[in-house]
Amino acid sequence: MNIKKFLTTELMAESAGKHIIEIVKKKPDSLLCFAGGDTPLMTLNYLAEAANQGEVDFGKCSFVSLDEWVGLGKETNGSCKQTLFDHFFDRIPNIDDSQICFFDGLAIDMDAECKRVDHFVAKHEGIDFMLLGIGMNGHIGFNEPGVRVDTYCHVIDLAPVTKKVSVKYFDEEMNVTRGISLGIQHITEAAEVMLMANGEKKADIVELTINTEPTADIPSTLVKNSKHAVLYIDDAAASKL
Ligand code: F6R
């Protein structure tokens, strides 16, 4: 896994944004996947501005969601869908809903939801690029420690620390207990995976991710099994290295 370290979060986001723009220029019909959560927001902002200035055109790209809290829909502040729409999809020109395949956290039949999203990825012959954050316990998407590595889309019980951290996203107590997520197989089969972390609170898990052999106990280490993996970190996230 390549590691790229940046002095500031801003420089990291800018470099990530430029890299993603290059990918889209090389393959305009790329299938892209961006995590929700706080980590990618600055990069998404960079991309939205670049798209509005005509530096990149996402008009031929497709997008698949990484994960969603079971029980939450786009209307809920803090859902992954709302985060991605607010910070990216609703801000860029030339995007049609048919290009975007998002988990519906409110779906009655979660198995059908998994099949629908699996089918979308398969139809596109896999994901070209994924931008992933790292949970405090090393989860990627909602692939929590102990996850089966041979999974595609699946529903998973959230780890206690994930439930605890989740309060930062919501205006009120949400009591989320399960997530629906792309699986480790999607991640290891993607053409390129960018794992991203910023801030001192991620320093311990970044150190563990780098210095531990791939293991399902720390899902972020499994990114090393991807075809092409790169870790983007800022100075603070790199402070335990
Ligand atoms: C969110 C997601 C999660 C987050 C991770 C880090 O869609 O997939 O795996 O990337 O929990 O969250 P932040 O970025 O808020 O620190």
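Keep in mind the model is a prediction, meaning the values are calculated, not measured.

## Some remarks on the overall build of the protein
Okay, so step 1: The helix and strand tally for the protein stands at seven helices and 10 strands.
Okay, so step 2: Every one of the 241 residues in the protein was classed for burial, and the buried ones make up 44%.
Okay, so step 3: Excluding contacts between residues fewer than 6 apart, the proportion of contacts in the protein whose partners are at least 24 apart in sequence is 78%.

## Observations regarding the environment of Glu10
Okay, so step 1: Along the chain, Glu10 falls in helix H1 (residues 9–26).
Okay, so step 2: Taking the number of C-beta atoms within 10 Å as the measure of exposure, Glu10 has 13 and is therefore partly exposed.
Okay, so step 3: Taking the C-alpha atoms as reference, Glu10 lies 24 Å from Val223; in sequence the two are 213 residues apart.

## A short note on the site of the ligand
Okay, so step 1: The environment of the ligand is formed by 14 residues, the closest being Gly36, Gly37, Asp38, Thr39 and Gly133.
Okay, so step 2: Each residue belonging to the shell around the ligand can be placed in one class, and the counts come to five nonpolar, seven polar and two charged.

## So, H1
Okay, so step 1: In a regular helix each residue adds 1.5 Å, so 18 residues correspond to 26 Å; H1 covers 26 Å between its end C-alpha atoms and thus fits that length.
Okay, so step 2: Here H1 has its buried residues at Thr9, Met12, Ala13, Ala16, Gly17, Ile20 and Val24. The buried residues of H1 occupy one face: seen down the axis, they fall within an arc of 130°. For H1, the exposed residues set more than 90 degrees away from the buried face come down to Glu22, Lys25 and Lys26.
Okay, so step 3: On its buried face, H1 sits against strand S1 (2–6), helix H2 (41–52), strand S6 (129–132), strand S9 (193–197) and strand S10 (229–234).

## So, the sheet that holds S9
Okay, so step 1: With parallel pairing, the seven strands of this open sheet are ordered in space as S1-S10-S9-S6-S2-S3-S5. At either margin of the open sheet sits one strand with a lone partner, and together these are S1 and strand S5 (100–101).
Okay, so step 2: In this structure, strand S2 (residues 31–34) lies alongside strand S3 (residues 62–64), joined through two bridges in parallel fashion. By the bridge assignment, Leu32 is partnered in S3 with Phe63.

## Notes on the nonpolar core
Nonpolar side chains in soluble globular proteins tend to end up buried together.
Okay, so step 1: Cys33, Met130, Leu132, Ile187, Val193, Met194 and Leu195 are the most contacted members of the largest nonpolar core, which totals 66 residues.
Okay, so step 2: A total of six residues in this core trace back to one element, the largest contributor, which is H2.
Okay, so step 3: Excluding its chain neighbours within four sequence positions, the residues that come into contact with Met194 are Ala16, Met130, Leu131, Leu132, Val230 and Tyr232.

## Comments concerning the UniProt feature "domain: Glucosamine/galactosamine-6-phosphate isomerase" (unreviewed entry) in the protein
Okay, so step 1: Following the UniProt record, the feature "domain: Glucosamine/galactosamine-6-phosphate isomerase" (unreviewed entry) maps to residues 13–228 here.
Okay, so step 2: Here residues 13–228 is 32% helix and 13% strand, with 19 Å between the C-alpha atoms at its ends.

## Focus: the packing of H1 against H2
Okay, so step 1: Two elements in contact, H1 and H2, have axes whose closest approach is 8 Å; the angle formed by their N-to-C orientations is 50°. Judged by the inter-axis angle, H1 sits oblique to H2. The crossing of H1 and H2 is right-handed. From H1, Thr9, Glu10, Ala13, Glu14, Ala16, Gly17, Ile20 and Ile21 reach across to H2, where they touch Met42, Thr43, Tyr46, Leu47 and Ala50.
Okay, so step 2: Looking at the contact of H1 with H2, its residues break down into eight nonpolar, three polar and two charged.

## Here we look at the sheet that holds strand S4 (residues 67–69)
Okay, so step 1: Ordered by their spatial adjacency, three strands build an open sheet running S4-S8-S7, and the pairing between neighbours is antiparallel. Of all the strands in the sheet, just S4 and strand S7 (154–157) have a single pairing partner and so form its edges. Taken pair by pair, the neighbouring strands of this sheet meet at an average axis angle of 25°, ignoring direction.
Okay, so step 2: Pairing analysis gives four bridges linking S7 to strand S8 (residues 178–181), with the strands arranged antiparallel. When the bridges of S8 are listed, His154 appears paired with Ser181.

## Examining helix H3 (residues 80–87)
Okay, so step 1: Of the positions making up H3, those classed as buried are Cys80, Lys81, Thr83 and Leu84. Buried residues along H3 cover an arc of 165° about the axis, so they all sit on one side.
Okay, so step 2: Those residues of H3 that are buried are in contact with S2 and S4.

## Side note on unusual backbone geometry
Okay, so step 1: Even without being glycine, Asn94 reaches a positive phi, approximately 65°.
Okay, so step 2: Tracing the chain through its elements places Asn94 in the loop between H3 and S5.
Okay, so step 3: For Glu125, which is not glycine, the phi dihedral falls at a positive 60°.
Okay, so step 4: Following the sequence through the fold, Glu125 ends up in the loop between helix H4 (110–123) and S6.

Basis of the calculations
- Residues numbered from 1 in each chain as written.
- Predicted model: local features only at pLDDT ≥ 70, side-chain atom pairs only at ≥ 80, totals over all residues.
- Helix = DSSP H or I, 4+ residues; strand = E, 2+ residues; numbered from the N terminus.
- Buried ≥ 20, exposed ≤ 12 C-beta atoms within 10 Å, placed from the backbone.
- Contact = placed C-beta atoms within 7 Å.
- Near = placed C-beta within 6 Å.
- Nonpolar A, V, L, I, M, F, W, Y, C, P; charged D, E, K, R; others polar.
- Expected span 1.5 Å × (residues − 1).
- Arc of directions from axis to C-beta.
- Pairing = 2+ DSSP bridges.
- Core = buried A, V, L, I, M, F, W, Y, C linked by C-beta atoms within 7 Å.
- UniProt positions renumbered as here; feature names shortened; annotations may be inferred.
- Axes fitted to C-alpha atoms, helices over the stretch in contact; angles between N-to-C directions.
- Parallel < 35°, antiparallel > 145°, perpendicular 65-115°, else oblique.
- Left-handed = near helix turned anticlockwise from the far one by under 90°.

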